[in-house]
Amino acid sequence: MNMHAARAAFGFDTLKTILGIPVLAIRWDEAIALLTRLIDERRFTKVSFLNAHNANLACTDPVFAEALENFLILPDGVGVDMAAKLLYGAPFPSNLNGTDFIPAFLQASSHPLTVALLGTTRANAEAACAKLSTLAMQHKFVVVHDGFFSAAEEPAILERIARLRPDVLLVAMGVPRQELWIERHIDSRHCTLPVAVGALLDFMSGSVPRAPLWLRRLRLEWLFRLWIEPGRLWRRYIVGNPLFLWRVVRQKLSLGPRPLEARR
């Protein structure tokens, strides 16, 4: 199920299109209810998140942009909120970044689920699995494989996922590899909700520190991440953030006045 099918099936008809990518504009509790219902009804749905970095990549990588058309996209971070405010006059109702939202969704899900983890290093995946098991004890968490595998190893990994048939498959391989891998290899035979979660498992493992809560509340977690990993992230934030905002301004100028919320 893609964005438009989920919207039609469940009545969430508010979308905000950011640089050509439709993003679901719903509240935190509505998003939890939506994912819960998708699992309960076993509606296969690929899930990802849009932030400034992903949007920039989609602008220059048509294969990635095309893959995102088949995902349910949730808003992630201050950048897309600024874009929504500029384009539609209001930010997204909630910041549904995967690092906070996915653990909260799993905690809120009372029905026991099977959750598979795929990606990052084996040590980080195992540590994240242990952490998630303490946060949401009602679920079964299983590490399928780390994210460093060859094409020759893929059939065995996919076979294991299909045998397990988890309700949720958390794929942590980084953007755009994780979305492209899900798009090319995962279907309803494997799981119900494959979710592209980026650095979630690294954060959950404790190997990558998160910003203090007060900094997150100021919407400045990106600045903390830049300070922690400047060599890897300077281009994403120092170059990427202004580039993203320039592209949003260009979208605004090309479209002219828009209503508060885009309904499609």
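Each value, and the rule that gives it
Per chain, the residues get numbers from 1 upward, laid out in the order the sequence is written. For a predicted model such as this one, the threshold for reporting local features is a pLDDT of at least 70, and the threshold for listing and counting side-chain atom pairs is 80 or more; totals across whole chains, interfaces and linings nevertheless cover every residue. As a rule here, side-chain values cover all heavy atoms of the structure and leave hydrogens and water aside. Under the DSSP-based scheme used, a helix requires at least four consecutive residues in state H or I and a strand at least two consecutive residues in state E, with every element numbered from the N terminus. In this treatment the radius of gyration is a C-alpha quantity, and the globule benchmark scales as 2.2 Å times the residue count to the 0.38 power. Note on exposure labels: buried denotes an accessible area under 20% of the residue type's maximum, exposed denotes more than 50%, and partly exposed covers the range between, all computed with a 1.4 Å probe on protein chains only. Identification of polar contacts relies on pairs of N or O atoms within 3.5 Å, with a donor-acceptor requirement for protein atoms, meaning one able to donate a hydrogen and the other able to accept it, and with residues adjacent in sequence counted only if both atoms are side-chain atoms. Any two residues having at least one pair of non-hydrogen atoms within 4.5 Å are treated as being in contact. The salt bridge definition used is simple: a Lys or Arg side-chain nitrogen within 4 Å of an Asp or Glu carboxyl oxygen. An expected span of 1.5 Å times one less than the residue number is assigned to each helix. By arc we mean the arc of the directions from the helix axis to the C-beta atoms, nothing more. pLDDT is a residue-level measure of predictor confidence that goes from 0 to 100. Patch definition: residues above 30% relative accessible area lacking any salt bridge, with like charges linked at up to 9 Å and the nonpolar side chains Val, Leu, Ile, Met, Phe, Trp and Tyr linked at up to 5 Å. Each accessible area value is a Shrake-Rupley result obtained with a 1.4 Å probe; residue values ignore everything except the protein chains displayed when judging cover. Criterion used throughout: strands pair if DSSP finds at least two bridges between them. By convention a crossover is right-handed if, when the strands point away from the viewer, the path from the first strand over the helix to the second runs clockwise.

## With respect to the overall build of the protein
Working step 1: For the protein, the count of helices and strands is 13 helices and 9 strands.
Working step 2: By the compact-globule yardstick of 18 Å for 264 residues, the protein fits well, its C-alpha radius of gyration being 18 Å.
Working step 3: Projected onto its principal axes, the C-alpha coordinates of the protein cover approximately 50 × 45 × 35 Å.
Working step 4: Going through the 264 residues of the protein one by one, you find that 52% of them count as buried.

## Here's the deal with the side chain of E221
Working step 1: Take E221: it is sitting in helix α12 (residues 221-228).
Working step 2: Within polar-contact distance, the side chain of E221 engages the side chain of R210 at 2.8 Å.
Working step 3: Those residues in contact with E221 that sit more than four places away from it in its chain are R210, A211, L215 and R216.

## Some words on the environment of A125
Working step 1: Its location among the elements puts A125 in helix α7 (residues 122-135).
Working step 2: Distance from A125 to G147, taken between C-alpha atoms, is 9.2 Å for residues 22 residues apart in sequence.
Working step 3: With residues near it in sequence (within four places) discarded, A125 still touches L117, G119, T120 and V143.

## Notes on the pattern of salt bridges
Working step 1: Under the definition given, this model contains 12 salt bridges.
Working step 2: In this structure, K46 and E183 form a salt bridge, with 2.7 Å as the shortest nitrogen-oxygen distance. A residue pair is termed long-range when its members are at least 10 positions apart, and K46 in strand β3 (residues 46-50) and E183 in helix α9 (residues 177-185) qualify at 137 residues.
Working step 3: The buried category is assigned to K46, whose relative accessible area is 10%.

## Details of helix α2 (residues 28-40)
Working step 1: For α2, with 13 residues, the first-to-last C-alpha span of 18 Å sits near the 18 Å given by 1.5 Å per residue.
Working step 2: For α2, the complete set of buried residues consists of A31, I32, L34, L35, L38 and I39. Considered in projection along α2, the buried side chains sweep an arc of 160° and stay on one side of the axis.
Working step 3: The first or second residue beyond α2 is R42, which carries a positive phi of 50°.

## Brief notes about helix α3 (residues 52-60)
Working step 1: When we look at burial in α3, the residues that qualify are A52, N54, A55, N56 and A58.
Working step 2: In this fold, the buried residues of α3 make contact with β2 (21-24), β3, α4 (62-68), α5 (78-88) and α13 (230-255).
Working step 3: Where α3 begins, the side chain of N51 points an oxygen toward the backbone nitrogen of H53, at a separation of 3.1 Å.

## Here we look at the confidence of the model for the protein
Working step 1: Per-residue confidence for the protein gives a mean pLDDT of 92, with 92% of residues at or over 70.
Working step 2: The low-confidence segment residues 259-264 (pLDDT under 50) makes 19 contacts with residues lying over four places distant or belonging to another chain.

## Some remarks on a nonpolar patch on the surface
Working step 1: Taken together, the side chains of L86, V249 and L253 present a nonpolar region at the surface, about 280 Å² in accessible area.
Working step 2: Its location among the elements puts L86 in helix α5.
Working step 3: A relative accessible area of 36% places L86 in the partly exposed class.

## Regarding the environment of L218
Working step 1: Within the element layout of this structure, L218 appears in the loop between α11 (213-217) and α12.
Working step 2: Spatially, the C-alpha atom of L218 lies 32 Å from that of A123, the residues being 95 residues apart in sequence.

## Side note on the pairing of strand β5 (residues 114-119)
Working step 1: Among the 6 residues in β5, 6 count as buried, and that is most of the element.
Working step 2: Of the pairings in the sheet, the one linking β5 to strand β6 (residues 140-145) comprises 5 bridges and is parallel in character. Among the inter-strand pairings, V115 is bridged to a residue of β6, identified as F141.
Working step 3: Once you follow β5 into α7 and on to β6, the crossover reads as right-handed.
Working step 4: Across 5 bridges, the pairing between β5 and strand β7 (residues 168-172) is parallel. Directly across from G119, in β7, lies its bridge partner A172.

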